Amino acid sequence: VDMNTLSQWYEYNYQIKDGPRPLPRLIIIIQDFECFVPEVLEHFIYSCSHYRDRIPIVLMLGITTCIRGIDPLRENYSYSVVRLLKPEAFYLRTQKARCDDLVSQCMIEDAQCTKVGEKAYEFLLDMFIGRKFSLSLFVSSLKYALMHYFYTNPLSILATIEPEEIYSRLDLLNENHVEMIRMQISFREYVESKLHQPAEARRLLCDDYYVKSLLPTFSQNIATYHQRFAIALEFIIFLQDFLDYDAKKLKSKYELYSIALKKPGLGENDYIQTLLDDLIKIDPKKIGELLQIFISLLKTVLNHVENIEQEYEDFCHFLVRSKEIENDLTRPSASTRSSVTKMKNKESAILQKIEKIGDDYKKLVIDVTNYLAIFFDENLRHYSTNALFEIFYYQEDISILECAFIPKLRSAIHTALGLTTEYINCNCCMDDESNDKDDVDWDSREQILSTHNDTSILYKLHLQCGKLINVRDWLDSFENVIAKENLENRKLNEKEVVARFIKGFEELKLIGIIGSTSRKTDHFKRLSWGKL
């Protein structure tokens, strides 16, 4: 599309109807700016400059050498081009920060949504960080996993609604659903925990209505666990920032969540103990700042999270203790009679006060650290400690996700070359193979027909060879197969046979099925083994 057409399109779509108003900018994104030939891009920039009165164009250029800023512009382009561009540098967020936001929105913030287990989560992370940094690929992979979960797990009808609204779904459960609930490992562990109450355990195993009546409680417990887990994880993030960890020691949110999904959970991980050990070593006078951060966080969720009021009151009590210690430091001492006695008593009182305040601060830091240790241990425990967690977590084998989003191209090529008839489904090959299907041991992979593609014929012939393939023997076998072909009552000449052989041979070499050897010029080696 030339610039004149682009100008007409812009004026047609953004006509001024309501009087004078600023025209919206037309943003053109060039992701790999440094991959362009400078001469080509210079001509494009000059063309855009001629239309800047009619189209307010903004060029967004992606420069990979971000440390140098816009220096690549000045080094590779003329001064006139740089002056036309009027560049302004800005920096995108790091991929770790983007991944943290992605995990927070999709996995942590919503307490009622279905979660994924360890293997599925690692697969999703690999799809985002290890491959294309694509948000859409991450979300589509997650949607596919959840779709597979809802198709394969009949109990998934209990995982998508608010805990208080679960009663409307209880009538949909039949005896098969209840038996499936009893088969879950977490439910069996819950029954074993009630062995000291034989009547309760018997009702769990025999009374279907009683099991249904407990489902709202289990659902509410899971939702509360997710809410409190999210708060405790935020505490860890704030604690890392407060301790001023460097980049090598600092763990991002998606890394912490990955640890949380692995047994025994984040609460019992050594990293939490390291944080608490470093917290004890801080300046005791700074503990009030950390308490203020925790209180501010708890205040925002006070009306949304169940049973969080006690933690809020406890941290407020710690903050009051911190302020009382600080007030003791600034409080004036009592006066004495004589000036000499007054000076001696004053010095002694100050020393005693400083020593006492230092001890009070240290005791406060130790109390806060011990409290956080218990808080993290309770709220960052592994999700499998909850009854019926299997309803809310997708823990299936990720092979179905790998087949959908990481296709094994080489395996598909092998299968297509070995099953040409099934892939192409042509009548000529079907007629020739129909006569052999009466044999019990018949295998279409071993059947070599002259009507097959030349590459498929060579592929099946190379399966009969060992580690090395003699090119002359391979050509003779290929000629014997296609000699059966008799189209228009003519025979193939030697040059045509060799040409077809070379074409199929080069295709197999390009695919990576065969490779050259360093010793023998008339031999090639096999690079793949087995039948797919």
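Structure shown above.
Residues numbered from 1 in each chain as written. Predicted model: local features only at pLDDT ≥ 70, side-chain atom pairs only at ≥ 80, totals over all residues. Heavy atoms only, no water.

Enquirer: Would you explain the sheet that holds strand β7 (residues 523-526) in this entry?
Expert: Each strand in a sheet pairs with another by means of backbone hydrogen bonds, the pair being arranged parallel or else antiparallel. Strand order in the open sheet made by the three strands is β5-β7-β6, with antiparallel pairing throughout. The strands lining the two open edges of the sheet, one partner per strand, are β5 (468-470) and β6 (514-516). Across the sheet, the mean angle separating the axes of adjacent strands is 40 degrees when strand polarity is ignored. In this structure, β5 lies alongside β7, joined through three bridges in antiparallel fashion. Each residue of the ladder has a partner; that of N470, found in β7, is H523. (Pairing = 2+ DSSP bridges. Helix = DSSP H or I, 4+ residues; strand = E, 2+ residues; numbered from the N terminus. Axes fitted to C-alpha atoms, helices over the stretch in contact; angles between N-to-C directions.)

Enquirer: Help me out: how do you make sense of the pattern of salt bridges in this one?
Expert: Where charged atoms of side chains with opposite charge meet at close range, the side chains can pair. Counted by the stated rule, this structure contains nine salt bridges. Across the salt bridge formed by R182 and D208, the nearest N and O atoms sit 2.8 Å from each other. With R182 in helix α9 (residues 175-183) and D208 in helix α12 (residues 208-243), this residue pair connects regions lying 26 residues apart in the sequence. Residue class for R182 comes out buried when judged on its relative accessible area of 9%. Given a relative accessible area of 25%, D208 falls into the partly exposed group. Across the pair R321 and D367 runs a salt bridge whose closest N-O atoms are separated by 3.1 Å. Here D367 lies in helix α17 (residues 339-379) and R321 lies in helix α16 (residues 309-330), a separation of 46 residues in the sequence. (Salt bridge = Lys/Arg side-chain N within 4 Å of Asp/Glu carboxyl O. Buried < 20%, exposed > 50% of the residue type's maximum accessible area, 1.4 Å probe, protein only.)

Enquirer: Looking at this structure, I do not really get a nonpolar patch on the surface. What am I missing?
Expert: There is a patch of nonpolar side chains on the surface, built from I27, I29, M60, F90 and L92 and spanning about 550 Å² of accessible area. With respect to the helices, strands and loops of the structure, M60 is situated in strand β2 (residues 57-61). (Patch = residues over 30% accessible without salt bridge, like charges linked within 9 Å, V, L, I, M, F, W, Y side chains within 5 Å. Areas by Shrake-Rupley, 256 points an atom, 1.4 Å probe, with all protein chains shown as cover.)

Enquirer: Before we go on, may I ask you to explain unusual backbone geometry in this structure?
Expert: Most peptide bonds take the trans configuration, and most residues that are not glycine carry a negative phi. The omega angle of the peptide bond from K263 to P264 is 5 degrees, so this bond is cis rather than trans. Although it is not a glycine, K86 sits at a positive phi angle of roughly 50 degrees. For K86, the position within the fold is in the loop between α4 (79-85) and α5 (95-108). Positive phi values are uncommon outside glycine, yet D244 reaches one of about 60 degrees. Residue position: D244 is located in the loop between α12 and α13 (253-261). Residue classification places D244 among the exposed residues on the basis of a relative accessible area of 66%.

Enquirer: Help me understand the side chain of S186 in this model?
Expert: Here S186 is to be found in helix α10 (residues 185-192). Look at S186 and you get buried, because its relative accessible area is 3%. For S186, the side chain forms a polar contact with the side chain of E390, separated by 2.6 Å. Sequence-distant contacts of S186, that is, excluding residues within four places in its chain, are made with N386, A387, L388, F389 and E390. (Polar contact = N/O pair within 3.5 Å; in protein donor to acceptor, adjacent residues only side chain to side chain. Contact = heavy atoms within 4.5 Å.)

Enquirer: Before we go on, may I ask you to explain the packing of α12 against helix α14 (residues 270-280) in this structure?
Expert: Remark: α12 packs on α14, axes separated minimally by 11 Å, with the N-to-C direction vectors making an angle of 45 degrees. In this view, α12 runs oblique relative to α14, as classed from their interaxial angle. Pair α12 / α14 crosses with left-handed handedness. Taking contact as the criterion, the partners of I236, L239, Q240, F242 and L243 in α12 are, on α14, Y271, I272, L275, D278 and L279. Per-class residue counts for the contact of α12 with α14 are eight nonpolar, one polar and one charged. (Parallel < 35°, antiparallel > 145°, perpendicular 65-115°, else oblique. Left-handed = near helix turned anticlockwise from the far one by under 90°. Nonpolar A, V, L, I, M, F, W, Y, C, P; charged D, E, K, R; others polar.)

Enquirer: Please explain the packing of aromatic side chains as it appears in this structure.
Expert: The description of two aromatic rings rests on the distance between their centres and on the angle between their planes. Using the criterion set out here, one finds 22 aromatic pairs in the structure. Arranged with centres 4.1 Å apart and planes meeting at 15 degrees, the rings of Y383 and Y393 form a pair that is stacked. Note that Y383 is positioned in the loop between α17 and β4 (393-394) and Y393 in strand β4, a separation of 10 residues in sequence. The same class applies to Y383 and to Y393, which are both buried. Measuring from centroid to centroid gives 4.8 Å for F505 and F524, while their planes differ by 80 degrees, and the two rings are edge-to-face. Remark: F524 occurs in strand β7 and F505 occurs in helix α24 (residues 494-511); sequence separation between them is 19 residues. (Phe/Tyr/Trp six-rings, centres within 6.5 Å; stacked < 30°, edge-to-face > 60°.)

Enquirer: Could you clarify how one ought to interpret the pairing of β2 in this entry?
Expert: Across a regular strand the side chains alternate sides, sitting on one face of the sheet and then on the other. Two strands pair when backbone bridges link them, and strand β1 (residues 26-30) and β2 are joined in this way by five bridges, in the parallel orientation. Its bridge partner lying in β2, I28 is registered against L59. The β-α-β motif built from β1, the intervening helix α2 (residues 38-50) and the parallel element β2 has right-handed crossover chirality. (Right-handed = clockwise from strand over helix to strand, strands pointing away.)

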